[in-house]
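So the chains spell out like this:
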Amino acid sequence: MPVHPVSIVKCYCCDMEEFVRQSFVLQIEGRYRQWDVIAALDNGCVVLSHEIMHSANFGNTNRWKEAFIRNYLHDVWLHPIRDALELKSVSRDSILEYKTETTRDYIFILSKDEHTEWRANIPLKSTPYWLRTSYGHLHTPYAWIVSSDGHHLGEAVHSSGIGVVPAMYLSEKAIRALVGTIKPVDPEKYEKPPTRKKTLF
């Protein structure tokens, strides 16, 4: 049976909000990794890795559709967790040259708009990490990142040492199955809205 895309919309008809700002542990690649619930959506939640999973360059262009990170997450991460968690395929928008490009992903990284909207529920990371939103035009190979202090910056897509923080959309069934392992995240580690906006240029 084909999996239909799930629209990312704020949910006012279910009680998934009770899980936001909580975390749980999954065993992936032989390691137990912590995930944070950062948003309650339609019949499920968006969860974000608590730690930087890998450091990598974005790709050869700043298009998320063609990004090295996107291919890596789907090729290496998706298979062992897709069936176990009943992951939902989600249609997601990315801004490219001031236009919208839609992709369909089971596992992804946040866009700049998503990070801005859910910032208050995202614990700070120790190093910068990529967002899937392009910075500038196709001929300006930059993408947005989140700095360790929570600011948005433009970074060249070929830069190494920038972290990858995977996100997933879990169904209400999957979230409720994890309820026994969910715990609150230390509130002192949440991202704070930046006092000023910084860019690369």
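What counts, and at which threshold
Residues numbered from 1 in each chain as written. Predicted model: local features only at pLDDT ≥ 70, side-chain atom pairs only at ≥ 80, totals over all residues. Heavy atoms only, no water. Helix = DSSP H or I, 4+ residues; strand = E, 2+ residues; numbered from the N terminus. Buried < 20%, exposed > 50% of the residue type's maximum accessible area, 1.4 Å probe, protein only. Contact = heavy atoms within 4.5 Å. Areas by Shrake-Rupley, 256 points an atom, 1.4 Å probe, with all protein chains shown as cover. Polar contact = N/O pair within 3.5 Å; in protein donor to acceptor, adjacent residues only side chain to side chain. Phe/Tyr/Trp six-rings, centres within 6.5 Å; stacked < 30°, edge-to-face > 60°. Lys NZ or Arg CZ within 6 Å of the ring centre and 35° of its normal. Salt bridge = Lys/Arg side-chain N within 4 Å of Asp/Glu carboxyl O. Core = buried A, V, L, I, M, F, W, Y, C linked by side-chain atoms within 4.5 Å. pLDDT = per-residue confidence, 0-100. Pairing = 2+ DSSP bridges.

Asker: Pulling in residues and values, what's your account of the overall build of the chain?
Answerer: Secondary structure summary: the chain contains three helices and 13 strands in total. By residue count, 50% of the 201 residues in the chain fall in the buried class. Across the chain, the fraction of contacts at a sequence separation of at least 24, relative to all contacts at a separation of at least 6, is 66%. Put simply, the chain shows about 9,900 Å² of open surface, and 52% of that area lies on carbon and sulfur atoms.

Asker: Tell me about unusual backbone geometry, residues and numbers included.
Answerer: For arginine 21, which is not glycine, the phi dihedral falls at a positive 70°. Within the secondary structure, arginine 21 is located in the segment before strand E1 (22-28).

Asker: Residues and numbers for the environment of aspartate 36, please.
Answerer: Structurally, aspartate 36 can be placed in strand E2 (residues 31-41). Excluding residues within four positions of it along the chain, aspartate 36 makes contact with Gln22, Ser23, Val46, Val47, Leu48, His50, Pro123, Lys125 and Val185. In terms of polar contacts, aspartate 36 uses its side chain to reach the side chain of histidine 50, at 2.7 Å.

Asker: Quick one: what's the story with the packing of aromatic side chains, residue by residue and with numbers?
Answerer: For the structure on display, the rule yields four aromatic pairs. Plain terms: the ring middles of tyrosine 135 and tryptophan 144 are 4.5 Å apart, the flat faces sit at 70° to each other, and that makes the pair edge-to-face. Both residues of the pair, tyrosine 135 and tryptophan 144, count as buried. Through a chain of ring-to-ring contacts, three or more aromatic side chains come together here, namely Tyr135, Tyr142 and Trp144. Sitting above the plane of the tryptophan 144 ring, lysine 112 keeps its charged end 4.7 Å from the centroid.

Asker: Please give an account of the pattern of salt bridges that cites residues and values.
Answerer: On inspection of all chains with the given rule, the structure shows seven salt bridges. Note that arginine 176 is salt-bridged to glutamate 172, the shortest N-O span being 3.0 Å. On the criterion of helical spacing, the pair formed by arginine 176 and glutamate 172 is a turn pair, its members being four residues apart in helix H3 (residues 172-177).

Asker: I'd love a proper account of the nonpolar core, names of residues and values included.
Answerer: Across soluble globular proteins, nonpolar side chains show a tendency to be buried alongside one another. Formed by 53 residues in total, the largest nonpolar core has its most connected members in Phe24, Phe58, Leu110, Trp130, Met168 and Leu170. With six residues, E2 is the single largest residue contributor to this core.

Asker: A description of the confidence of the model for the chain should follow, citing residues and the corresponding values.
Answerer: Summary statistics for the chain give a mean pLDDT of 80 and a share of 74% for residues scoring 70 or more. Every residue in residues 195-201 is under pLDDT 50, and counting partners more than four places away or in other chains gives 15 contacts.

Asker: Tell me about the environment of serine 134, and please be specific about residues and values.
Answerer: For serine 134, the location among the structural elements is in strand E8 (residues 129-135). Once the C-alpha coordinates of serine 134 and asparagine 62 are considered, the two residues, 72 residues apart in sequence, prove to be 5.2 Å apart.

Asker: Would you mind going over the pairing of strand E12 (residues 167-171) in detail, with residue names and values included?
Answerer: By the criterion of burial, E12 is predominantly enclosed, with five of the five residues buried. Direction of pairing for strand E3 (residues 44-49) relative to E12: antiparallel, over a ladder of five bridges. Across the sheet, leucine 48 pairs through a bridge with alanine 167, a residue of E12. Where strand E7 (residues 107-108) lies against E12, two bridges are found, and the strand directions are antiparallel. By the bridge assignment, isoleucine 107 is partnered in E12 with methionine 168.

Asker: Mind laying out the side chain of threonine 103, listing which residues take part and the relevant values?
Answerer: By the secondary structure assignment, threonine 103 is in strand E6 (residues 99-105). Judged by relative accessible area, which is 7%, threonine 103 ranks as buried. A distance of 3.1 Å separates the side chain of threonine 103 from the side chain of aspartate 105, its partner in a polar contact.

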